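Working through the structure, step by step
One letter stands for each residue in the lines below.
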Amino acid sequence: MKVAIVGSGYVGLVSGACFANHGHTVFCTDVDQQKIDQLNRGTVPIFEPGLEQLVRANLAAKRLIFTTDLTSAIRGSEIVFIAVGTPTGQADGRADLTYVYNAVRQLACSIDGYTVIVTKSTVPVGTGDEIRRLIQADNPDADFSIVSNPEFLREGSAIQDFLAPDRIVIGAQDSRGRRTMEALYRPLVADSTPIFFTDRRTAELIKYASNSFLAMKVTFINEMADLCEKIGTDIRCIAGNGA
């Protein structure tokens, strides 16, 4: 498959390298020419164990291409991932979707043939609906599906998390989108890896539910650690027995 990834940050870069390593031809795009030049030299601007080796190997095999030319990357791609930043506003805490919508407007007119547009970025529920509206407004004849495919990567073990996930969540409204995403992922994962198919809005909410649950666990164990310090008990024993 030809796959395009809009945004070569942490999520986009790890995803692109892993997809390429399993035989897909992946075009990773970014607006930062300096970053693209650096990546084309095989130098990764972030630290993640094993990532630089994976990038270099797939650059050499010509399965991984870095470019600022979004149009050429999109043309002929069966799947396009949107993996740009969605920073949280300092005033109200809302996700800033400027980068997402800018990417959508740029790629809308480059779609040729049936294309699955996938949000990897963490986005509020209903963002996929707005992406569909934007593409239809700019390219009424486009043949496409919108899919939500949230990521659950942990820094320091992102490659292992990607290649051996405990689950894959795919939110799609139509069977073509689901089949295309399953065909993309099936070579990467063991037969035992569950792929959960949901509607798009449910998948968008799953990402927020997961983030919130992890934050709650961290907050809880920190409170328990403070309590242990005050009463002279060992938080490691408590954490290792169910906390």
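Conventions we followed
What you see as residue numbers is a count from 1 along each chain, following the sequence as written. Whole-chain, interface and lining totals are the exception, using all residues; otherwise, since this is a predicted model, local features are given only for residues with pLDDT of at least 70 and side-chain atom pairs are given and counted only at 80 or more. For side-chain calculations, the full set of non-hydrogen atoms in the structure is used, while hydrogens and water are omitted. For two strands to pair, DSSP has to find at least two bridges joining them. Working definition: helices are DSSP H or I runs of at least four residues, strands are E runs of at least two. Numbering for both runs from the N terminus. Only the stretch in contact is used when a helix axis is fitted, and all axes are lines through C-alpha atoms; the angle between N-to-C directions ranges over 0 to 180 degrees. The contact criterion used throughout is that any non-hydrogen atoms of two residues lie within 4.5 Å. Both cavities and pockets are sets of points on a 1 Å grid over the protein atoms alone; in a cavity a 1.4 Å probe fits but cannot get out, in a pocket the set is open with protein on both sides within 12 Å along at least five of seven lines, and lining residues sit with an atom within 4 Å of a point. Grid points are joined across faces, edges and corners, and a volume is the space filled by probe spheres set on the points. Three classes are used, and their members are as follows: Ala, Val, Leu, Ile, Met, Phe, Trp, Tyr, Cys and Pro are nonpolar, Asp, Glu, Lys and Arg are charged, and the others, Gly among them, are polar. Polar contact is defined as a pair of N or O atoms within 3.5 Å, subject to the rule that within protein one atom must be able to donate a hydrogen and the other to accept it, and that residues adjacent in sequence are counted only when both atoms are side-chain atoms. What is meant by a nonpolar core is a set of buried Ala, Val, Leu, Ile, Met, Phe, Trp, Tyr and Cys residues, joined one to another through side-chain atoms within 4.5 Å. We call a residue buried when its accessible area falls under 20% of the maximum for its residue type, exposed when it is over 50%, and partly exposed in between, using a 1.4 Å probe and counting protein chains only. Salt bridges are defined by distance alone: a side-chain nitrogen of Lys or Arg within 4 Å of a carboxyl oxygen of Asp or Glu.

1. Focus on the sheet that holds strand β1 (residues 2–6)
Strands sit in the order β3-β2-β1-β4-β5-β6-β7-β8 across an open sheet of 8 strands; the sheet is mixed. Strands with a single pairing partner mark the edges of an open sheet, and in this sheet they are β3 (64–67) and β8 (195–198). Pairs of neighbouring strands in the sheet enclose a mean axial angle of 25°, with direction left out of account. Judged from the 4 bridges that link them, strand β7 (residues 168–172) and β8 form a sheet pairing that is parallel. From the neighbouring strand, Gly-171 faces β8, where its bridge partner is Thr-198. Strands β1, β4 (79–82) and β5 (115–119) of the sheet are contacted by helix α5 (residues 98–108), whose axis makes an angle of about 155° with β4.

2. Here we look at the layout of surface pockets
By volume, the largest pocket is sized at about 590 Å³. Glu-151, Phe-152, Leu-153, Arg-154 and Asp-161 are the residues nearest the centre of the largest pocket, which is lined by 24 residues in total. Looking at the lining of the largest pocket, the elements that each hand over two or more residues are α1 (10–21), α7 (158–163), β7 and α9 (200–231). A per-element tally of the lining of the largest pocket places α9 first, with 5 residues. For the lining of the largest pocket, a count of residues per class yields 13 nonpolar, 3 polar and 8 charged. In this structure, the second largest pocket occupies an estimated 490 Å³ of space.

3. A closer look at empty space enclosed by the protein
All told, the structure shown has 1 cavity of 30 Å³ or more when counted by the stated rule. Residue lining of the largest cavity: Thr-119, Lys-120, Ser-121, Thr-122, Val-123, Ser-148, Pro-150, Glu-151, Ala-203, Glu-204 and Lys-207, and that is the complete set. No other element matches the 3 residues that α9 contributes to the lining of the largest cavity. Its residues placed into classes, the lining of the largest cavity shows 3 nonpolar, 4 polar and 4 charged.

4. Here we look at the environment of Lys-2
Inspection of the secondary structure assignment puts Lys-2 in strand β1. The spacing of Lys-2 and Asp-69 is 67 residues in sequence and 15 Å in space, taken between C-alpha atoms. The contacts of Lys-2, once residues within four sequence positions are left out, are Thr-25, Phe-27, Ser-72, Ala-73, Arg-75, Gly-76, Ser-77, Glu-78 and Ile-79. At 3.2 Å, the side chain of Lys-2 forms a polar contact with the backbone oxygen of Ser-72. A polar side-chain atom of Lys-2 sits 3.4 Å from the main-chain carbonyl oxygen of Ala-73.

5. Remarks on the nonpolar core
The tendency in soluble globular proteins is for nonpolar side chains to be buried side by side. Val-55, Phe-66, Phe-81 and Met-181 are the most contacted members of the largest nonpolar core, which has 39 residues in total. Here this core gets 7 residues from one element, more than from any other, and that element is α1. Those residues in contact with Met-181, other than ones at most four positions away along the chain, are Ile-79, Phe-81, Val-116, Val-118, Val-147, Asn-149 and Ile-170. Counting 25 residues, the second-largest nonpolar core is a separate cluster that includes Ala-4, Ile-117, Ile-131 and Phe-144.

6. Details of the pattern of salt bridges
The full count for this structure, using the stated rule, is 10 salt bridges. The shortest N-O distance in the salt bridge between Glu-130 and Arg-133 comes to 2.7 Å. With Glu-130 and Arg-133 both in helix α6 (residues 127–138), this residue pair falls 3 residues apart, about one helical turn. Between Arg-154 and Asp-161 there is a salt bridge, with the nearest N and O atoms lying 2.7 Å from each other. On the accessibility criterion, Arg-154 (53% relative accessible area) is exposed. If you follow the salt bridges from partner to partner, you end up with Asp-129, Arg-200 and Arg-201 in one network.

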